[in-house]
Amino acid sequence: MEDKILLIKIFVVSFVIASVAGLARLLRSYPTNEQIPYRVYISAMLNSGVFGLIIALLWYHSYSDNLTFLIGISALAGVGGITLFDFLLLFIQKKIGIKIVVDKKGGINDDE
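An account of the accompanying structure is given in this report. (Residues numbered from 1 in each chain as written. Predicted model: local features only at pLDDT ≥ 70, side-chain atom pairs only at ≥ 80, totals over all residues. Heavy atoms only, no water.)

1. A look at the overall build of the protein chain
Moving on, step 1. Along the protein chain, the regular secondary structure elements total three helices and zero strands.
Moving on, step 2. Walking the protein chain from its N terminus toward its C terminus, one meets helices and strands in the order α-α-α.
Moving on, step 3. With 112 residues in all, the protein chain has 25% of them scored as buried.
Moving on, step 4. Here the analysis covers contacts within the protein chain between residues at least 6 apart in sequence; of these, 67% occur between residues at least 24 apart. (Helix = DSSP H or I, 4+ residues; strand = E, 2+ residues; numbered from the N terminus. Buried < 20%, exposed > 50% of the residue type's maximum accessible area, 1.4 Å probe, protein only. Contact = heavy atoms within 4.5 Å.)

2. Quick notes on the nonpolar core
Moving on, step 1. Core analysis: the largest hydrophobic core is formed by five residues, namely Ile10, Phe11, Ala56, Tyr60 and Leu70.
Moving on, step 2. When neighbours within four sequence positions are excluded, Ile10 is seen to be in contact with Tyr60, Leu67 and Leu70. (Core = buried A, V, L, I, M, F, W, Y, C linked by side-chain atoms within 4.5 Å.)

3. Points about the environment of Ser48
Moving on, step 1. Its place among the elements puts Ser48 in helix α2 (residues 38-59).
Moving on, step 2. Each residue touching Ser48, except ones within four places of it in the same chain, is listed here: Ala18, Ser19, Gly22, Gly78 and Ile82.
Moving on, step 3. In terms of polar contacts, Ser48 uses its side chain to reach the backbone carbonyl oxygen of Gly78, at 2.9 Å. (Polar contact = N/O pair within 3.5 Å; in protein donor to acceptor, adjacent residues only side chain to side chain.)

Printed below as a string of structure tokens:
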């Protein structure tokens, strides 16, 4: 039972650290004078946290003896998660030709 609790703690810590890393990446990419909607915060944290959790789940059996490395890789995946999401949006816009407009106020623009 203690092993399962330890596993849950490891995965929760990986998710949280990756989420914070993704949030830090998001905050660095926005100008300081812009208001960031709460949905953007939540989206970046969930996106990065899930990437970090996926890495922790996939690599746990290989690096179960080195948990510091596993959590560090999860944090890097959190930073890369938001970057990968930005890259995919850019790819869709440039190569496929689908225009994606994100409203800075966090709402849906019905005027178009």
